[in-house]
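# Structural overview
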Amino acid sequence: MKLISIGQMAQTYHISTRTLRLYHEKGLLTPEYVDPLTGYRYYAPAQADRLEVILQMRAMGLSLTQISAALSTENRALVEGLLQERLEEIERQMRTLAAERSGLVKKLANCRALQEPLPSRPPYLAPMEERRVLRIPLDEPYDLRREDNGLLLWPSRLEEVREKMRRQGVPLAHFANVGCIVHLEDLQQGIPLCSEAFIFTEEDLPGSVPLPAGQYLCKQIRLVLTDREGCRAEGMELLSLSALAGEQGLQIAGDYFGEVLAEASIFEKSGYDMFVCMQIPVRPIVDEDNRTCGCAHLQGE
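Residues numbered from 1 in each chain as written. Predicted model: local features only at pLDDT ≥ 70, side-chain atom pairs only at ≥ 80, totals over all residues. Heavy atoms only, no water.

### Digging into the layout of surface pockets
Quick note on the threshold: Using a grid of 1 Å spacing that covers the protein atoms alone, one calls a set of points a cavity when a 1.4 Å probe fits there but cannot get out, and a pocket when the set is open and has protein on both sides within 12 Å along at least five of seven lines; lining residues are those with an atom within 4 Å of a point. Grid points are joined across faces, edges and corners, and a volume is the space filled by probe spheres set on the points. Strands are runs of DSSP state E lasting at least 2 residues, helices are runs of H or I lasting at least 4, and numbering of each runs from the N terminus. Gly is placed with the polar residues, together with every amino acid not listed as nonpolar (Ala, Val, Leu, Ile, Met, Phe, Trp, Tyr, Cys and Pro) or charged (Asp, Glu, Lys and Arg).
Counted as a void, the largest pocket has a volume near 440 Å³. Around the largest pocket, the lining comprises 19 residues; the ones closest to its centre are K106, F200, T201, E202 and E259. Contributions of two or more residues to the lining of the largest pocket are made by α5 (76–115), β5 (131–143), β7 (193–200) and β11 (256–263). Element by element, the count of residues in the lining of the largest pocket is highest for α5, at 6 residues. Classifying every residue of the lining of the largest pocket by side-chain character gives 9 nonpolar, 3 polar and 7 charged.

### Examining helix α3 (residues 47–59)
Under the convention used in this document: A helix's residues, less one, multiplied by 1.5 Å, set its expected span. Per-residue accessibility, obtained with a 1.4 Å probe over protein chains only, is compared with the maximum for each type, and a residue is labelled buried under 20%, exposed over 50%, and partly exposed between these values. For this analysis, residues touch if any pair of their heavy atoms sits within 4.5 Å.
For α3, spanning 13 residues, the distance from its first C-alpha to its last is 18 Å, which sits close to the expected 18 Å at 1.5 Å a residue. Taken residue by residue, α3 has Q47, A48, L51, I54, L55 and M57 as its buried positions. Taken together, the buried residues of α3 touch α1 (6–12), α2 (17–25), β3 (41–43) and α4 (64–71).

### Description of the nonpolar core
Most often, soluble globular proteins keep nonpolar side chains buried together rather than apart. To be explicit about the condition: Within this scheme, the nonpolar core is defined by two criteria: the residues are buried Ala, Val, Leu, Ile, Met, Phe, Trp, Tyr or Cys, and they are joined through side-chain atoms within 4.5 Å.
Counting 37 residues, the largest nonpolar core has W154 and Y256 as the members making the most contacts within it. Listed in part, the 17 residues of the second largest apolar core include A10, Y23, L28 and A70.

### Observations concerning the pairing of strand β6 (residues 179–182)
Rules: Strands qualify as paired when DSSP identifies two bridges or more between them.
Across the two faces of β6 the burial is the same, with G179 and I181 and C180 and V182 all buried. Across 4 bridges, β6 lies against β7 in antiparallel orientation. Each residue of the ladder has a partner; that of G179, found in β7, is F198. In the sheet, β6 pairs with β11 via 3 bridges, with the strands oriented antiparallel. Across the sheet, C180 pairs through a bridge with G258, a residue of β11.

### Some words on the side chain of E234
Here is the rule: In this charge count, Lys and Arg are treated as positive and Asp and Glu as negative; neither His nor the chain ends contribute. Salt bridges are defined by distance alone: a side-chain nitrogen of Lys or Arg within 4 Å of a carboxyl oxygen of Asp or Glu. By the criterion applied in these results, polar contacts are pairs of N or O atoms within 3.5 Å in which, for protein atoms, one can donate a hydrogen and the other can accept it, and in which residues neighboring in sequence qualify only through two side-chain atoms.
By the element assignment, E234 lies in helix α8 (residues 228–247). Although E234 is buried, it forms no salt bridge, and the closest oppositely charged side chain is R145 at an N-O distance of 12 Å. At a separation of 2.7 Å, a polar atom in the side chain of E234 contacts the side chain of Y256. Residue contacts for E234: discarding those within four places in its chain leaves L144, C180, I221, L223, Y256, G258, V276 and M278.

### Thoughts on the pattern of salt bridges
Applying the stated criterion to the full structure yields 10 salt bridges. Taking the shortest distance from any N to any O, the salt bridge between R166 and E163 comes out at 2.5 Å. Taken as a pair, R166 and E163 lie in helix α6 (residues 153–167) at a separation of 3 residues, close to a single helical turn. On the basis of relative accessible area, R166 is assigned to the exposed category, the value being 54%. Here K219 ties to E237 by a salt bridge, and the two come within 2.8 Å at their closest N and O atoms. On the criterion of sequence distance, the pair formed by K219 in strand β9 (residues 214–224) and E237 in helix α8 is long-range, its members being 18 residues apart. A relative accessible area of 25% places E237 in the partly exposed class. Within this structure, R135, E196 and D255 form a network of salt bridges that share partners.

### Focus on unusual backbone geometry
Unusually for a residue other than glycine, H14 sits at a positive phi of about 55°. With respect to the element layout, H14 can be found in the loop between α1 and α2. For H14, a relative accessible area of 74% gives the class exposed.

### A look at α4
Side chains that are three or four residues apart share a direction in an α-helix, a result of its 3.6 residues per turn. Rules: Of all possible arcs, the one meant is that of the directions from the helix axis to the C-beta atoms.
If you check which residues of α4 are buried, you get L64, Q66, I67 and A70. Viewed along the axis of α4, the buried residues span an arc of 160°, placing them on a single side of the element.

### Section: the packing of α3 against α4
To be explicit about the condition: Geometry is summarised by axes, namely lines fitted to C-alpha atoms with helices restricted to the contacting stretch, and by angles between N-to-C directions that run from 0 to 180 degrees. Roughly parallel covers angles under 35 degrees, roughly antiparallel covers those over 145, roughly perpendicular covers 65 to 115, and oblique covers all other angles. If you view the pair so one helix is near and one far, a crossing is left-handed when the near helix is turned anticlockwise from the far one by less than a right angle, and right-handed when it is turned clockwise.
Look at α3 against α4: their axes get within 10 Å of each other, and the N-to-C directions meet at 135°. By the angle between their directions, the pair α3 and α4 is classed as oblique. As for how α3 packs across α4, the hand of that crossing is right-handed. Residue-level contacts link R50, V53, I54, M57 and R58 of α3 to L64, I67, A70 and L71 of α4. Its residues placed into classes, the contact of α3 with α4 shows 7 nonpolar, no polar and 2 charged.

### A short note on the sheet that holds strand β1 (residues 4–5)
Reading across the sheet, the 3 strands line up as β1-β3-β2 and stay open at both edges, with antiparallel pairing between neighbours. Each end of this open sheet is capped by a strand with a single partner; those strands are β1 and β2 (33–34). Two elements, β1 and β3, share 2 bridges in a ladder whose sense is antiparallel. Considered in β3, the bridge of S5 is made with Y42.

### Observations concerning the packing of aromatic side chains
Convention followed: Note on aromatic contacts: the rings of Phe and Tyr and the six-membered ring of Trp form a pair at centre separations within 6.5 Å, being stacked when their planes are under 30 degrees apart, edge-to-face when over 60 apart, and tilted otherwise. In this scheme, Lys NZ or Arg CZ marks a charge over a ring once it lies within 6 Å of the ring centre and within 35 degrees of the ring normal.
On inspection of all chains with the given rule, the structure shows 5 aromatic pairs. With 5.0 Å between their ring centres and 85° between their planes, F198 and F257 make a pair best called edge-to-face. You can see F198 sitting in strand β7 and its partner F257 sitting in strand β11, a full 59 residues away along the chain. Note on F198: relative accessible area 1%, which makes it buried. A centroid spacing of 6.1 Å and a plane angle of 25° characterise the contact between F200 and F257, whose relative ring orientation is stacked. Placement of F200 in strand β7 and of F257 in strand β11 is noted, with a sequence separation of 57 residues between them. For F200, a relative accessible area of 14% corresponds to the buried category. An aromatic cluster of three or more residues is present, and its members are Y33, Y40 and Y42. Over the face of the ring belonging to Y216 we find R131, whose NZ or CZ atom lies 5.2 Å from the ring centre.

Everything listed is a geometric property; what it means functionally is a separate question.
In structure tokens, the structure reads:
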């Protein structure tokens, strides 16, 4: 039987002789013969199959300890368990990378939007496809019109949201462009009470739910939370927008979402400067004969 030198084996499989010596030391691949004078290692041709398996497992990210455990047993359940463990680890890494990518995309969009600020625009109707949303209830809901040191209210709620996301196992990279939710019943009573915070996400985050597609009454505004009027602006604009819905023959059909399109707080030391797309789900008002009451004269998106 013609033996294969360590140099030939390394060259054939595009690995270093140091790697083969390490596999020998770990008991993964013991040479068929070791020259007692030179210490040079030689392998039997059949050992190439074992080396192939080792390299495949390494390529899949298994550690040398895991590979050793897999090769030293004929227990298929053990091998399957090791492979399943590695697969789950990869999936966790993929979710983490997806979260990091999502965060980077949002921050990059913020930077670009701030270079060419988004213009404020009058109310308009827009169809929205189904989106995925992570809703975070606030321990202390607050009226968006509050004047009592309102600048401190939203930052304190953001700290609460960050901590709750962490407890839910949501990667911190998703903590960007957090908006507020006002429930339907509060809108109907004319109270812009921010009861929840939210983020839209493309990933299936823990606790996230689908937001059904529908027609939305929207308005794009800029909020500068540096003074009393700035802090009250979203609440006052929201009441005006909900009143406009009725004037246009539209019925409010769900909770309000204030989607943050871009924010400058990444650069600011104090205060929050953001562009918000105000969104109220609506549907036409119909009478008992199923006829539309009134007519919406709003420009579409």
